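# Coordinate inspection notes
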Amino acid sequence: MTNQKTELADIFNTHLEHYESRYGLGPDQRRAAWHIMDCRTAALGGHVALCNACGHVQVHYNSCRDRHCPKCQTLTKERWLEKRKAELLPVHYFHVVFTLPHEINPLAAYHSRAVYNILFRSVSDTLKQFAKDRFHQEIGFMAILHTWDQKLNRHLHIHCIVPSVSLNKKRYLFPVKALSPVFRGKFMSELKASFPDEKELFKALWAKNWVVYAKPPFQKPEDVLEYLGRYTHRVAISNHRIISLKDGKVTIGYRNRKAGTKETLCLDAVEFIRRFMQHILPSGFMMIRSYGFLANRYKKQKIGQLREKLGLTPAVPEKAPRTIPEMMMDLT
């Protein structure tokens, strides 16, 4: 198979049975796999397009719209970003990443919903506490869960996009060395309450240095949307990273961040599917969450108040949503 034809669906179609016989499939994994295999095939129906000039007929099959499908995220992402445009404020935006040590991975494999929720709450409580203690003011931010690294291993981390809480030209948000121990303490407190018998795990986690990473602020608020697009509706692996499927082996491309190079990795097809299946989210689980003055319940009112403080009209400007053809023209 060539690079243009090899897709995630091809690997599932040829090797999913082998994977299931070895590891089994949970209901969420089975549903996602079926959707990915059926996406844009006759199984989901479709419609026929007829050119009224030359009579050419083309069949278009429907998409599965599953959030784990690499073929179904582009328009969903564009619609989501379109809604976020009106909420931008003329302030500095910061990108902060909270990462869990890999020692938590075995527990997350069996209790993913609980561990992911604890991670979201710990990150939220940490940022809110620092904003209250240092600025005596409410913070607002978006948090996006990612569970993978470039090789599809489990790597639990949350990306946070945070507008400057002091609404000025501040060059940093909070000191990351101070964030790390507070984040660790909040996570460990909740983890002990939920899993009191995991004493060996607690020892291993306390012994690790927890990583909180902050990038320099964006130069312009508009840069935030371009950056967000890389993180919000991303799946564990896109089809363009799958190089080949041959003799039961899958070759993928990945970026070696330490060396700054692009490299390839060859995996047994069943092992490739096992790695991908680690990142199927529990049914109904929200991987993008908003907090503080960006929370959906208060957002319209509180963004209006902040806009007024910045000398803007309080009302968030409304814009008619673009049609699918308009979005496709912009994208292509």
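According to the stated counting rule, one finds eleven salt bridges in the structure shown. In this structure, the salt-bridge partner of Glu103 is Lys208, at a minimum N-O distance of 3.7 Å. A residue pair is termed long-range when its members are at least 10 positions apart, and Glu103 in the loop between strand S3 (93-99) and helix H4 (105-110) and Lys208 in the loop between helix H7 (199-206) and strand S6 (211-215) qualify at 105 residues. Its relative accessible area of 33% is what places Lys208 among the partly exposed residues. The residue Arg121 makes a salt bridge to Glu190 at a minimum N-O spacing of 2.8 Å.

This paragraph deals with unusual backbone geometry. Positioned with a positive phi, Leu152 is a non-glycine residue whose angle comes to about 70 degrees. A residue is classified by how much of its surface remains accessible, and Leu152, at 0% relative accessible area, is buried. In this structure, Asp247 is a non-glycine residue whose phi angle is positive, near 55 degrees. Here Asp247 shows up in the loop between strand S7 (242-246) and strand S8 (249-256).

A separate point is the nonpolar core. Ile104, Leu127, Cys160 and Leu191 are the most contacted members of the largest nonpolar core, which has 61 residues in total. It is helix H5 (residues 112-135) that contributes the most residues to this core, nine residues altogether. Sequence-distant contacts of Leu127, that is, excluding residues within four places in its chain, are made with Phe98, Ile139, Phe141, Cys160, Val162, Phe174 and Leu179. Ala9, Ile36, Ile242 and Phe276 belong to the second largest nonpolar core, which has 33 residues in total.

About the cut-offs
- Residues numbered from 1 in each chain as written.
- Predicted model: local features only at pLDDT ≥ 70, side-chain atom pairs only at ≥ 80, totals over all residues.
- Heavy atoms only, no water.
- Salt bridge = Lys/Arg side-chain N within 4 Å of Asp/Glu carboxyl O.
- Helix = DSSP H or I, 4+ residues; strand = E, 2+ residues; numbered from the N terminus.
- Buried < 20%, exposed > 50% of the residue type's maximum accessible area, 1.4 Å probe, protein only.
- Core = buried A, V, L, I, M, F, W, Y, C linked by side-chain atoms within 4.5 Å.
- Contact = heavy atoms within 4.5 Å.

These figures capture arrangement, not role.
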